[in-house]
Amino acid sequence: MRIRLAIRYSFFSGLVLLVVMIVSTFFHINKVQGLFAEIAMNDADALADLILRNSYHLMMEDDRRHLQLLVEEVSESQMIERIRILGREGIVSFSTNIAEVGTALDMQDDSCAFCHVADTKALVDVPVEERTQMVAGRYMNVTRGIYNDPGCFTAACHVHPPDQEKIGVLDMAVSIEQLEKLTEMHERDVLIMIVFMLLALILCHGLLTRKLIEAPIEKLLEQTAALSAGDLSARVKSLTRDELGELGRSFNLMADNLQRAQSELQQWTNTLEQRVNERTMAMSEMQEQLIRSAKLASLGELVAGIAHEINNPLTGILMFSSLSAKHPDLPPPVKENLKLIMTETDRCAKIVRGLLEFARESIPEKKPSALNKIIEQTIALVTYQVFFQDVEIDCRLDPNLPEIELDVDQWQQVLLNMFINAAQAMPQGGVLVVASEYIEERGLAQIRIEDNGEGIDQEHIDKIFDPFFSTKAQKGLGLGLSVSYGIIKNHGGNIKVESTLGQGTRFIIELPVKAGSSRETEDAADDTSTN
């Protein structure tokens, strides 16, 4: 079971306070008792001096009867227990106890002790502290010397030589009952006050500890438990300007750093996941390109062999059918059949030529060329063809596009295939957008060919670069995009397609730009050299 901090702190602090108060009370009571005793002693000595002064003239007149009456009357006071006057040699001359008048006291008696120490000669002018002592804890015994003076040793009734200083002693016992009651009352008041102060201090100490220490620590513990449970929004509020406040600020700073670190970790995780996805997609595209390239290469070898084997027989069939069709004696039905044979053979020959072009790995004859100029020349070739009667060509060429190392004839073939495919995708007419752009930060030249025609179904997107695949039914052989793909790859470029069925298709071709300057830079250099 957890002991509360306020209870433990109040207990130990109260224990320390109790010990301190007990010690201080002990010294205080002792000091007060000594002070009360000193006051009572001085009061008793003053009373003894008063009695002596009142009895002076009676002694000078040797009026023993009145002096005895004085002693008896004064002893009637409640605080006086006994009064007696001793003469020389300790003889009792006057006393409240008539029976002891005329008797001699032993030198060991309490009344003689103040002036006789170890049987020595009587002392003179002894301090009041040595002339006073407590007897049986009930009363205070005070003795005071009676000294010789000129009036005394010149009187006719006394026989005291002038050189005798002390001629008697006044012995008085004073009750200390009132002193004891006052002391007990003071001790009781002090103890009650100490208990009350101790309880008040412990209570105030506990409340202050609860408010200033335990409550802030409990709040800190609550927020710490919430933070350990995963609540990163846990913060200590109402911070004070002390050590606990500094501890709360340190906790808030730690929670802020932890929340920031988790946020950064989450962002890094998301970024990493995005990067992994991007790299996976890139690897998938690369794998698809490798598979397509391998497929094209394998198919090219097969097609090249087949094309060479078929080409010779087709040439013979076409030649002999042409010669036979020119014979004048042939009947018309036979001539029609021969023309059909010639037509179909010619079509087969075209297919074979396409196969040979596809299979032939011709090395491009690259030279610095202006890509914008090639685009413009290709557009000029297709503008008056029948496919482009209802097609509007929107040409957006970047004037800062630098010259690129490429084969002009092959790129005219690529662009021609792309433009014709776009026009055929818009049988009812539309807009063909041809744009070029120089992406300097990536070092790429980009060609964008867009149409708003029929589009390509998503299930056919991955197949459009495969040989003999066509979405135009009987209108083509399906080799144009495959040949274009090979040419682009031979130039170190890349081609991507984006299409939405019924909305159009966009082809994006990217080519690496080697070290070179743009046309504007070259023109500026020419102008500078001319000047």
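K.L.:
Explain the overall build of the protein here, please?
P.N.:
Looking only at helices and strands, the protein features ten helices and twelve strands. By the burial criterion, 34% of the 531 residues in the protein qualify as buried. Taking as baseline every contact in the protein between residues at least 6 positions apart, the subset at least 24 positions apart corresponds to 67%. Here the protein displays about 33200 Å² of accessible surface, and carbon together with sulfur accounts for 57% of that area.

K.L.:
Would you explain the packing of helix α7 (residues 371-382) against helix α8 (residues 408-424) in this entry?
P.N.:
Between two packed helices, both the angle of their axes relative to each other and the distance between the axes serve to describe the pair. In contact at an axis separation of 9 Å, α7 and α8 are set at 50 degrees when each is read in the N-to-C sense. By the angle between their axes, α7 is oblique relative to α8. Of the two elements, α7 crosses α8, and the hand of that crossing is right-handed. Of the residues in α8, those in contact with Ile-374, Ile-375, Gln-377, Thr-378, Ile-379 and Val-382 of α7 are Val-408, Trp-411, Gln-412, Leu-415, Leu-416 and Phe-419.

K.L.:
Would you take a moment to explain a nonpolar patch on the surface for this structure?
P.N.:
Side chains of Phe-11, Phe-12, Leu-15, Leu-18, Val-19, Ile-22, Val-23, Phe-26 and Phe-27 sit close together on the surface and give an oily, nonpolar patch of about 890 Å² of accessible area. Within the fold, Val-19 resides in helix α1 (residues 5-60).

K.L.:
When you look at the pattern of salt bridges in this model, what are you seeing that I'm missing?
P.N.:
Counted by the stated rule, this structure contains eleven salt bridges. Residue Arg-53 pairs with Asp-49 through a salt bridge whose shortest N-O separation is 2.9 Å. Of this pair, Arg-53 and Asp-49 both sit in helix α1, four residues apart, which is roughly one turn of that helix. Note on Arg-53: relative accessible area 58%, which makes it exposed. Salt-bridge contacts for Glu-246 lead to Arg-249; the nearest nitrogen and oxygen are separated by 3.4 Å. Of this pair, Glu-246 and Arg-249 both sit in helix α5 (residues 243-325), three residues apart, which is roughly one turn of the helix. Overall, the relative accessible area of 34% leaves Arg-249 in the partly exposed class. The network of salt bridges with common partners includes Arg-82, Arg-84, Glu-100 and Asp-171.

The rules we used
In this numbering scheme, every chain counts its residues from 1 along its sequence in written order. With pLDDT at 70 or above as the cut-off, local features in this predicted model cover only qualifying residues; side-chain atom pairs require 80 or more to be listed or tallied, and sums for whole chains, interfaces and linings still use all residues. Side-chain figures throughout are based on the complete set of non-hydrogen atoms in the structure, without hydrogens or water. Each helix is a run of DSSP H or I of at least 4 residues and each strand a run of E of at least 2, with the numbering of both proceeding from the N terminus. Note on exposure labels: buried denotes an accessible area under 20% of the residue type's maximum, exposed denotes more than 50%, and partly exposed covers the range between, all computed with a 1.4 Å probe on protein chains only. Contacts: residue pairs with any heavy atoms within 4.5 Å of one another. Note on areas: Shrake-Rupley with a 1.4 Å probe; residue coverage comes only from the protein chains shown. Axes, fitted as lines to C-alpha atoms, cover a helix only where it is in contact. Angles between the N-to-C directions of the axes lie from 0 to 180 degrees. Any angle that falls under 35 degrees is termed roughly parallel, while one over 145 is termed roughly antiparallel, one within 65 to 115 roughly perpendicular, and all others oblique. Handedness of a crossing is defined here by the sense of rotation of the near helix relative to the far one, left-handed for an anticlockwise turn of less than a right angle and right-handed for a clockwise turn. The patches reported here contain residues having more than 30% relative accessible area and no salt bridge. Joining distances are 9 Å for like charges and 5 Å for nonpolar side chains (Val, Leu, Ile, Met, Phe, Trp, Tyr). Here, a salt bridge means any Lys or Arg side-chain nitrogen found within 4 Å of an Asp or Glu carboxyl oxygen.

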